Amino acid sequence: MLSADELRARADALGWFHRIDLGQGVVTNGLSSGPYVGPDKLPELAGKSVLDIGAWDGYYSFQAERLGARRVVALDHYVWGVDMAARQQYWAECAAAGVLPDHSKDTTEFWRPELPGRAAFDFAKEVLSSRVEPVVADFATMDLEDIGTFDVVLYLGVLYHMKEPLTVLERLRRVTTEVAVVETQAVAIAGMERHNLVQFFGGEFIGDYGNWYVPTLAGLTQWLLAAGFSRVVPQVDPPVPTPSWRARLRRRLRPAPSTGPTDHPNFAYYRAVVHAFV
Ligand SMILES: C[S@@+](CC[C@H](N)C(=O)[O-])C[C@H]1O[C@@H](n2cnc3c(N)ncnc32)[C@H](O)[C@@H]1O
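None of these values were measured; they are calculated from a predicted model.

**Topic: unusual backbone geometry**
Inference 1: Of the consecutive residues G34 and P35, the connecting peptide bond is found in the cis state with omega at 5°.
Inference 2: Looking at the element boundaries, P35 is found in the loop between β2 (26-27) and β3 (49-53).
Inference 3: Backbone geometry at W56 places phi at a positive 50°, although glycine is not the residue there.
Inference 4: Within the element layout of this structure, W56 appears in the loop between β3 and α2 (59-66).
Inference 5: On the basis of neighbour count, W56 is assigned to the buried category, with 25 C-beta atoms found within 10 Å.
Inference 6: Its identity as a non-glycine residue notwithstanding, L115 has a phi of 55°, on the positive side.
Inference 7: Following the sequence through the fold, L115 ends up in the loop between α4 (84-97) and α5 (119-127).

What follows is the structure, encoded as structure tokens:
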């Protein structure tokens, strides 16, 4: 077993997205501003099979295991295989040139089949003596027969990256036998609370060129119903758009755009969490 100092040194040598408690007082220094889904926003996981789509470093997979899940599969491909530093540099060049990036480079020029981005997940799995099963696959295109079905499917922080969200949500429904937990960026629009709206960013939202669509809660609900889920239960109350919300967004997203598609006094952005039942 590693000493606390060795554990900290090895953890610090890796790049992390998630803050994961590895024990002995060592928590990984993840970049994520989450977690957005605490145990109070998860369905009962004890004894369940769980699929975590877009697992990255595995925070939610390991949490599901800790909460008693019988089997947990952590599925990802994008951040595990893409050379993020090279992609970031290309994105900066695109921003400077005022053009949108060519995303096909992610799976060609920037793709590293040795999956360097999975090192942190693998390290955490080893340290936690976890039985979580990693699967490398693009959920949007993989053969769903290969993955099977799960009682609970976590779809956290992934929907806004999808170019074809309704098609992917139909696929989400196909692999879910009880409930899917969907967490995504959402927009609350004053006076439009009951309207099924989806804001299209066309490839750039809050500095990320991989973000496409941001729904209202009603829009997200209708997307999931259209995909075949029978009931959608929100776990987070949408914020009420106010000037202080805009100030908070600006502080959080610094350097935030002062104009553009997010800059409207009636809009407030937040992370929606819903349970979608089959
Ligand atoms: C913003 S991160 C969210 C990570 C984690 N689920 C969380 O909520 O903290 C988005 C994740 O989705 C993954 N992802 C994006 N598109 C995917 C796809 N088509 N299939 C599987 N994973 C995907 C990315 O690789 C990344 O790990």
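The rest of the description comes next.
**Details of the sheet that holds β3**
Inference 1: Overall, mixed pairing links the 7 strands, which are arranged β5-β4-β3-β6-β7-β11-β10 in an open sheet. The strands lining the two open edges of the sheet, one partner per strand, are β5 (133-136) and β10 (231-234). Put simply, the sheet's adjacent strands are angled 25° from each other on average, direction ignored.
Inference 2: Strand direction decides the pairing type here: β10 and strand β11 (residues 267-277), joined by 4 bridges, are antiparallel. If you follow V232 over to β11, its bridge partner there is A276.

Definitions and limits used
- Residues numbered from 1 in each chain as written.
- Predicted model: local features only at pLDDT ≥ 70, side-chain atom pairs only at ≥ 80, totals over all residues.
- Helix = DSSP H or I, 4+ residues; strand = E, 2+ residues; numbered from the N terminus.
- Buried ≥ 20, exposed ≤ 12 C-beta atoms within 10 Å, placed from the backbone.
- Pairing = 2+ DSSP bridges.
- Axes fitted to C-alpha atoms, helices over the stretch in contact; angles between N-to-C directions.

In short, shape yes, function no, at least from these values alone.
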